[in-house]
Amino acid sequence: MSNAAAPATEGPDRSDAPAHVAIIMDGNGRWAAARGLPRAEGHRRGVEALRRVVRASHELGIRYLTIFSFSSENWSRPASEIGDLFGLLRRFIRNDLASLHRDGVKVRIIGKRDGLEGDICALLNEAEELTRDNTRLTLVVAFNYGSRQEIAKAAQKLAREVADGKRDPDTIDAETLGAHLDAPDIPDPDLIIRTSGEQRLSNFLMWQAAYSELVFVPIHWPDFDKAALEGAIAEFARRERRFGGLVAKTAS
């Protein structure tokens, strides 16, 4: 992801909508605990919320939607919960990929794939390949993703170019490093939403979030819906975005 302008995609003309919304989908476990349900049920309901939000994003004129589906830190969770999460991912791709493709959604994956089970990698590759020419909405899935790791990997690529004599260190600037991140062709998020009331980025898109507006909502992810998304966008539209001291209205 970078600040470079991206090609326009097909979709409703909603001038008040941010072009790129990123969401930290937090609170599945707490939603389940509050109802005396197993955490796995919270994750299952979270998938239902994701379906609602993908559909609502196009209706609201959003062109890029990035979701934090599995953090590189999530490996510290109990093995049974990781198994549940991976099972949901398998079912989501197998059951929903055809409808996403039919609806014109392009799927992009960011994050580390080394070490993932073979069938997971195959499903991720299938999702990207099948939908690569779609233009209605780009769904960016951050899977096995950590922003510090992404930045470190970009720095390693540049360091190898320098060591191989292919690059002068003086040519490395912020734009150059940004171009070596996982999805440099996708614009940085205008709006980052985190559910469940927590107010931190948790190693999510830290480079790309330099000028993003942050909105924290108290509801847990399984309860997030189109109305909640509209509320976050309304908050975004009320703000004046400042870039190095200049003020830019978020909406006309």
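An account of the accompanying structure is given in this report.

Cut-offs used in this document
Residues numbered from 1 in each chain as written. Predicted model: local features only at pLDDT ≥ 70, side-chain atom pairs only at ≥ 80, totals over all residues. Heavy atoms only, no water. Phe/Tyr/Trp six-rings, centres within 6.5 Å; stacked < 30°, edge-to-face > 60°. Helix = DSSP H or I, 4+ residues; strand = E, 2+ residues; numbered from the N terminus. Buried < 20%, exposed > 50% of the residue type's maximum accessible area, 1.4 Å probe, protein only. Salt bridge = Lys/Arg side-chain N within 4 Å of Asp/Glu carboxyl O. 1 Å grid on protein atoms, 1.4 Å probe; cavity = no way out; pocket = protein on both sides within 12 Å on 5 of 7 lines; lining within 4 Å. Points joined across faces, edges and corners; volume = space filled by probe spheres on them. Nonpolar A, V, L, I, M, F, W, Y, C, P; charged D, E, K, R; others polar. Core = buried A, V, L, I, M, F, W, Y, C linked by side-chain atoms within 4.5 Å. Contact = heavy atoms within 4.5 Å.

A word on the packing of aromatic side chains
Then, in step 1: Inspection of every chain in the model, using the stated rule, returns five aromatic pairs.
Then, in step 2: Ring geometry for F68 and Y145: centres 6.0 Å apart, planes at 80°, overall edge-to-face. In this pair, F68 is assigned in strand 2 (residues 64-71) and Y145 in strand 4 (residues 137-145), connecting sequence segments 77 residues apart.
Then, in step 3: You can call Y145 buried: its relative accessible area is 1%.

Observations regarding the pattern of salt bridges
Then, in step 1: For the coordinates displayed, the defined rule picks out 21 salt bridges.
Then, in step 2: Between K153 and D182 there is a salt bridge, with its nearest N and O atoms 3.1 Å apart. Taken as a pair, K153 in helix 5 (residues 147-163) and D182 in the loop between helix 6 (174-178) and strand 5 (191-194) lie far apart in primary sequence, 29 residues in all.
Then, in step 3: A relative accessible area of 24% places D182 in the partly exposed class.
Then, in step 4: The residue E235 makes a salt bridge to R238 at a minimum N-O spacing of 2.9 Å. Of the two residues, E235 and R238 both sit in helix 7 (residues 226-238), three residues apart, roughly one turn of that helix.
Then, in step 5: Look at the salt bridges and you will find they share partners, linking D26, R30, R194, E198 and R200 into a network.

Looking at the layout of surface pockets
Then, in step 1: The volume enclosed by the largest pocket comes to roughly 760 Å³.
Then, in step 2: Lining the largest pocket we find 38 residues, and of these M25, F68, S69, F70 and L85 sit closest to its centre.
Then, in step 3: Among the secondary structure elements, those contributing two or more residues to the lining of the largest pocket are helix 1 (28-34), helix 2 (39-59), strand 2, helix 3 (79-102), strand 3 (105-110), helix 4 (118-131) and strand 4.
Then, in step 4: When residues of the lining of the largest pocket are assigned to their parent elements, the largest contribution, eight residues, is made by helix 3.
Then, in step 5: Of the residues contributing to the lining of the largest pocket, the split by class is 23 nonpolar, nine polar and six charged.

Focus: the nonpolar core
Then, in step 1: If you look at the biggest cluster of nonpolar residues, it comprises 47 residues, and the most contacted ones within it are I23, L65, F143, I193, F224 and L229.
Then, in step 2: Sort the elements by how many residues they give to this core and helix 3 lands first, with nine residues.
Then, in step 3: If sequence neighbours within four positions are ignored, I193 has contacts with V21, A22, I23, I24, V215, V217, F224, L229 and A232.

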